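The lines below spell out each chain.
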Amino acid sequence: HLVQKPFPENFLWGAATAAYQVEGAIEEDGKGISVQDSKNFSNYFHDTTVTSDHYHRFREDIALMKTLGLKSYRFSIAWTRIYPDGETLNPAGVSFYNQLIDELIKNNIEPLVTLYHFDHPQSLQENFGGWYSEQMITHFLTFAVTCFHAFGDRVRWFMTICESNNVVLYPDLIGGVPAGIDVEVWRFQVSRVMALANARVIQSCRKLLPQAKIGPCIGYAIAYPATSAPQDVMAALNEDEFRTFYPLDLLCLGRQNPTVVNFFACRGLDIRLSPTELEEIKGANPDFIAFNYYQSDVAKACPDESEEAQPGFNQEGKKGGFVYPRFPGLYAGDSNPYLERNDWDWEIDPVGLRIACRKLFDRYQLPLMITENGLGARDTLANGEINDAYRIDYLQKHVEQMQLAISDGVPLLGYYPWSFIDLMSTSNGYNKRYGFVYVDREDSDIKTLTRYKKASFYWYQRLISSNGALL
Ligand code: BG6
């Protein structure tokens, strides 16, 4: 039995959202269309027009945050409110976030701003392929610098790009691979451009806002070996490195991971950065690492000489729509027989969160922030109440593991469950809810949009008020 350390006094008990999933109002006050607004999937709901109507109800929502006792709120700034077409400044967009931030500060809630959460202007996608082009760096920097000037007097915490590593694993997240471009070439080019963008934005934040803290964000599913066969252990190591090399190895260690460089070299792609680029990235030195954790992975050996030599997806394994990536020569995903799953086959693994904290801190020696963690579920509203005991169970077990990680010596700065309020899930619309606050709407019917506190709201309220002591 370890001696448990308490949560630090200034621990940031938070909750998170992202603009395109919660705001709605996609064409109001000069906002431009983003790649999320123009996305059109035939197989699941993706309509950003109204979502949870937070744009019009942010004061009511912040009042709920205050009641919940949130110390901090993570939200993203819709690039297309500030630069609708990626070029021209829209003062009305700046004004919206000024009001939002002022309201948070008035209620003693520390803003944590995500600069980019998958939603760049559609025009930049059409003009030059979005993140596929280096031109994106200049545009992103201009947008970020505008945010630093406009909000930096009140915002002390910034995150650069949400999950740039997952964007590479799941190309569809940010609008897809432009026609005619090889997906491997795309993966590398987008990773490189995002790593450079991360570095430049961090450096400009340093100059403009020396008091602010800024860090990159990854989606981190730690990899367990499928068996104790050394080949599977190697596969798990490969997966871990594949998931963290862009951008963390670059930004925090100033080096490119040789295993991954070799993987691409075998496929005829030289992904080595120039010495000048490496030098530039090396100097970025983030203040912290943000990571989003929902589940863990299993990796098994996937020899290069296997029939399907190209990277792709393994359709077997998980029951639902989830597919396992397969990178021949590195690893292939597999299922974990020891874990329960949610309704969408995401494995539930609280201990994995402690392992993730340990691994990231061991490797990068930087403070960590958990910027997403939560359970997607089909909640039921009955007589104005939502009894989401399953969510409380999920969150409680993860918080317990966080405290163990802190006791292991990992410097954890904050915890931002996904999500503060029900929002449009990236892959499953309103069918899959994550919030502490229920929003009365369905995919095909926006209903009243009335807010209701779930049972998990009261649980989190008690947890925050005791600074994590009431586990
Ligand atoms: C994270 C994203 O990777 O996963 C969020 O940052 C997303 O935007 C979350 O909502 C959960 O995924 P999903 O598909 O269940 O909404």
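Fair warning: this is a prediction, and the values are worked out from it, not measured in the lab.

About the criteria used
- Residues numbered from 1 in each chain as written.
- Predicted model: local features only at pLDDT ≥ 70, side-chain atom pairs only at ≥ 80, totals over all residues.
- Core = buried A, V, L, I, M, F, W, Y, C linked by C-beta atoms within 7 Å.
- Buried ≥ 20, exposed ≤ 12 C-beta atoms within 10 Å, placed from the backbone.
- Helix = DSSP H or I, 4+ residues; strand = E, 2+ residues; numbered from the N terminus.
- Contact = placed C-beta atoms within 7 Å.
- Pairing = 2+ DSSP bridges.
- Axes fitted to C-alpha atoms, helices over the stretch in contact; angles between N-to-C directions.
- Near = placed C-beta within 6 Å.
- Nonpolar A, V, L, I, M, F, W, Y, C, P; charged D, E, K, R; others polar.

Visitor: What's the story with the nonpolar core in this structure? I'm lost.
Guide: Core analysis: the largest hydrophobic core is formed by 135 residues, its most contacted members being Tyr73, Ile77, Val113, Leu115, Cys147, Phe291 and Leu368. Looking at this core element by element, the count peaks at 10 residues for helix H8 (residues 183–208). For Tyr73, the contacting residues outside a window of four places in its chain are Gly14, Ala15, Met65, Leu104, Ile109, Pro111, Leu112 and Phe420.

Visitor: What exactly am I supposed to notice about the sheet that holds strand S4 (residues 157–161) here?
Guide: Sheets are built from strands that pair by backbone hydrogen bonding, the pairs being arranged parallel or antiparallel. With parallel pairing, 9 strands are arranged side by side in an open sheet as S5-S4-S3-S2-S1-S16-S15-S8-S6. Bordering the open sheet on either side are strand S5 (213–215) and strand S6 (217–219), each of which pairs with just one other strand. In this sheet, adjacent strand axes meet at a mean angle of 25° when their direction is disregarded. In this sheet, strand S16 (residues 412–415) lies alongside strand S1 (residues 12–16) in parallel orientation, the contact comprising 2 bridges. Bridge assignment links Trp13 to a residue of S16, and that residue is Tyr415. Of the strands in this sheet, strand S8 (289–292), strand S15 (368–372) and S16 are in contact with helix H12 (residues 350–364), which crosses S8 at around 150°.

Visitor: Please explain the site of the ligand as it appears in this structure.
Guide: Near the ligand lie 14 residues; those nearest to it are Gly219, Gly376, Ser425, Thr426 and Ser427. Residues belonging to the shell around the ligand are distributed by class as follows: 3 nonpolar, 8 polar and 3 charged.

Visitor: Would you mind going over the pairing of strand S11 (residues 324–327) with me for this structure?
Guide: Looking along a regular strand, one sees side chains alternate from face to face of the sheet. What you see with S11 is no split at all: Tyr324 and Arg326 on one side and Pro325 and Phe327 on the other are buried throughout. Where S11 meets strand S12 (residues 331–334), 2 bridges bridge the pair, whose relative direction is antiparallel. Its bridge partner lying in S12, Phe327 is registered against Tyr331. Between the end of S11 and the start of S12, which pair antiparallel, lie 3 residues, with Gly329 showing a positive phi angle near 95°.

Nothing here speaks to function; it is all geometry.
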